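Working through the structure, step by step
The residues making up each chain are set out below.
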Amino acid sequence: MAALRRKFGEDYQVVNTNRGTTFTAPVKKKRQRFVEKNGRCNVQHGNLGGETSRYLSDLFTTLVDLKWRWNLLIFILTYTIAWLVMASMWWIIAYIRGDLSNAGHDASYTPCVANVYNFPSAFLFFIETEATIGYGYRYITEKCPEGIILFLFQSLLGSIVDAFLIGCMFIKMSQPKKRAETLMFSQDAVISQRDGKLCLMFRVGNLRNSHMVSAQIRCKLIKSRQTPEGEFLPLDQCELDVGFGTGADQLFLVSPLTICHEINPKSPFFDLSQRSLMNEEFEIVVILEGIVETTGMTCQARTSYTEDEVLWGHRFLPVMSLEEGFFRVDYSQFHSTFEVNTPSYSVKEHEEKSSLPSPVSTPNPVLGDGRGASSAGRARVFSVDCINTVEERGRHGAAGSRLPSKLQRMSSSGKEDLQRKVLMLSSQHSEKACSTGDLPLKLQRLSSSTGPEAEHPLQLKSLKVGFEPMTQSTGDIHQCSLPPSPGSIPLYSLQPSAGGKPEDNLPAKLRRMNADR
């Protein structure tokens, strides 16, 4: 049962052939809409009390807003009653003056209205006068001043009734509501990616060749919510940005257009995902306004989309095609969509994932000479020719003792290899290894100085290199001098020859360099 429900959804029937009984799965009740698909607002006003008199104060608008059946009934009744009332007044004047009894008996008698003998003749006289037909058989005589006054009153009243009712019918017929019938909206809205951003989209179109001048579109999100203070706001309205800042809401509605709402941190759909869409309850009201080109009147078309009419991971099919000499719009594909690959998570979840820091390596324990120099887990490799630093063995031994066992083995093995390389370099009489230019400045001055100190053998202290992982450059190593140790390895020994200067033991190239200095 659960598998069938997941496959076919909630709207299916399960037939039990053994018992002959049909079981129907519970169908989701259709939610009440705030705005119908045709744009009619599903709101009724009740319990107005004494406020109904406000409708009579604006009688013309009230008549225009009525349905056509009521307008036609009011139109017919108004003219019928007005004709009967005015015909009755003419009959009353004829009856009071005695025109009905003396008609046809006395040739010298002058009636108020000639040839009015009864009520039907009075009614025909009024119709002829009101419609300005003028058959010429019935007419007012100069002997009836009250008939002249009634005739003036009839003309004024007839003009007012004609202007009111005919104007009302004309305005109702020329209302642009029917123009909105040729403005189309897609049946569903879709959510998919556009230009790398998740967007809510729907489609609008114009079936007529006449344009909508200054067409503008707006979107409202209708959703009930509760404030942090505990106030419940039923059907709260929130604006959806469809390009107000960029001018994309101003439409040139010649062909069908796809309206796009970008889902960003300012959008109410910022935390909306494909899973949460199934549990949401909202309604998107779309309002399209513009000026009808033929009449110059403002037209407004409306529709709405509920959460069931928003398709996640869909896109609209193209409806434009290029023909020979013109563009063709295929409105049979206006409402069609197709599925595309779309992330199922919300924009908020995507930003949270992208903002997570990348994994980094754990820093190693602090190594150094007490100045705060730390290592980052990389063994520094440098040339022996550029070493200007000597470290104490005791300090290095203490630092090495704090290292893990694996690093201690690496340090000891590296030290032995480095010492072996230093011995090989010291045995080679290369100019670079013997150059005093590579020695510290203090040793250079000592090697070139003469005096009592020069008589004693001058030996360069051996440079002890501790193999330890470091991240700072070789220029960051501080210089320090250590007393010679028994286990030191001399790189090059400068001993003056008998009766000579210390420079005599140097190669020719170094002697020339010292002479230049």
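Residues numbered from 1 in each chain as written. Predicted model: local features only at pLDDT ≥ 70, side-chain atom pairs only at ≥ 80, totals over all residues. Heavy atoms only, no water.

**Thoughts on helix H6 (residues 119-130)**
Look at H6: 16 Å from first C-alpha to last across 12 residues, which is about the 16 Å you get at 1.5 Å a residue. Every buried residue of H6 is accounted for by Ser121, Ala122, Phe125, Phe126, Glu128 and Thr129. One side of H6 carries all its buried residues, which in axial view fall inside an arc of 165 degrees. Here the buried face of H6 lies against helix H4 (68-97) and helix H7 (145-173). (Helix = DSSP H or I, 4+ residues; strand = E, 2+ residues; numbered from the N terminus. Expected span 1.5 Å × (residues − 1). Buried < 20%, exposed > 50% of the residue type's maximum accessible area, 1.4 Å probe, protein only. Arc of directions from axis to C-beta. Contact = heavy atoms within 4.5 Å.)

**Things to note about the packing of aromatic side chains**
Under the criterion given, the structure shown has eight aromatic pairs. Aromatic pair Phe60 and Phe164: ring centres 6.0 Å apart, planes at 75 degrees, arrangement edge-to-face. With Phe60 in helix H3 (residues 59-65) and Phe164 in helix H7, this pair connects stretches of sequence that are 104 residues apart. According to the relative accessible area criterion, Phe60 is partly exposed, its value standing at 33%. A relative accessible area of 30% places Phe164 in the partly exposed class. Among the aromatic residues, ring-to-ring pairing joins Phe75, Tyr79 and Trp83 into one connected group. Over the ring of Trp68 we find Lys172; its NZ or CZ atom is 5.5 Å from the centre of that ring. Over the face of the ring belonging to Tyr345 we find Lys353, whose NZ or CZ atom lies 4.6 Å from the ring centre. (Phe/Tyr/Trp six-rings, centres within 6.5 Å; stacked < 30°, edge-to-face > 60°. Lys NZ or Arg CZ within 6 Å of the ring centre and 35° of its normal.)

**Looking at the confidence of the model for the protein**
Summary statistics for the protein give a mean pLDDT of 74 and a share of 65% for residues scoring 70 or more. In this model, residues 1-26 is a region of pLDDT below 50 whose contacts with residues beyond four sequence positions or in other chains number 20 contacts. Predicted confidence for residues 446-499 stays below pLDDT 50, and this span has 92 contacts to residues more than four positions away or in other chains. (pLDDT = per-residue confidence, 0-100.)

**Side note on the state of the cysteines**
Between two cysteines, a covalent bond joining their sulfur atoms is known as a disulfide. Under the criterion given, the structure shown has one disulfide. Between the sulfur atoms of Cys112 and its disulfide mate Cys144 the distance is 1.8 Å. Between Cys112 and Cys144 the sulfur-sulfur dihedral comes to about -70 degrees; the bridge is accordingly left-handed. Taken together, the residues span a long stretch of sequence, with Cys112 in the loop between helix H5 (99-102) and H6 and Cys144 in the loop between H6 and H7 at a distance of 32 residues. Each member of the pair, Cys112 as well as Cys144, carries the same accessibility label: buried. (Disulfide = S-S within 2.5 Å.)

**Let's talk about a negative patch on the surface**
A cluster of acidic residues, Asp271, Glu349, Glu351 and Glu352, forms a negative patch at the surface. Within the secondary structure, Asp271 sits in the loop between strand S9 (257-262) and helix H8 (274-277). (Patch = residues over 30% accessible without salt bridge, like charges linked within 9 Å, V, L, I, M, F, W, Y side chains within 5 Å. Areas by Shrake-Rupley, 256 points an atom, 1.4 Å probe, with all protein chains shown as cover. Salt bridge = Lys/Arg side-chain N within 4 Å of Asp/Glu carboxyl O. Lys, Arg positive; Asp, Glu negative; His and termini not counted. Charge placed at Lys NZ, Arg CZ, Asp CG, Glu CD.)

**Focus on a nonpolar patch on the surface**
Judged by side-chain polarity, Leu56, Leu59, Phe60, Trp68, Leu72, Phe164, Phe170, Ile171 and Met173 come together as a nonpolar surface patch covering roughly 860 Å² of accessible area. Mapped onto the nonpolar patch, the elements with two or more residues apiece are H3, H4 and H7. No other element matches the four residues that H7 contributes to the nonpolar patch. Looking at where Leu59 falls in the secondary structure, it is placed in helix H3.

**What about the pattern of salt bridges?**
The tally for this structure, following the rule as stated, stands at 10 salt bridges. In this structure, Glu309 engages Arg33 in a salt bridge whose closest nitrogen and oxygen atoms are separated by 3.0 Å. Residue Glu309 is found in the loop between strand S11 (298-306) and strand S12 (310-312), and its partner Arg33 is found in the loop between strand S2 (21-24) and helix H2 (53-57); the two are separated by 276 residues along the sequence. For the pair formed by Glu309 and Arg33, the shared burial category is buried. If you follow the salt bridges from partner to partner, you end up with Arg33, Lys37 and Glu309 in one network.

**Here's the deal with the environment of Leu235**
Considering the arrangement of structural elements, one finds Leu235 in strand S7 (residues 232-240). Sequence separation of Leu235 and Glu283 is 48 residues, and the distance between their C-alpha atoms is 9.1 Å. When neighbours within four sequence positions are excluded, Leu235 is seen to be in contact with Phe34, Ile222, Lys223 and Ser224.

**Comments concerning the side chain of Ser267**
Mapped onto the elements of the fold, Ser267 is located in the loop between S9 and H8. Accessibility expressed as a relative area gives 6% for Ser267, which makes it buried. With residues up to four places along the chain from it excluded, the contact list for Ser267 reads His261 and Glu262.

**Points about the nonpolar core**
Ile191, Phe202, Val204, Ile217, Phe269, Ile284 and Val286 are the most contacted members of the largest nonpolar core, which has 35 residues in total. Of all elements in the fold, only strand S3 (183-185), strand S4 (189-194), strand S5 (197-206), strand S6 (212-226), strand S10 (283-292), S11 and S12 reach the threshold of two or more residues within this core. Among the elements that line this core, the one with the most residues is S6, at five residues. Apart from residues lying up to four places away in sequence, Ile191 is in contact with Leu198, Cys199, Leu200, Ile263, Leu272, Val310, Leu311, Trp312, Gly313, His314 and Thr342. By size, the runner-up hydrophobic cluster in this structure holds 13 residues, among which are Met86, Val113, Ala122 and Phe125. (Core = buried A, V, L, I, M, F, W, Y, C linked by side-chain atoms within 4.5 Å.)

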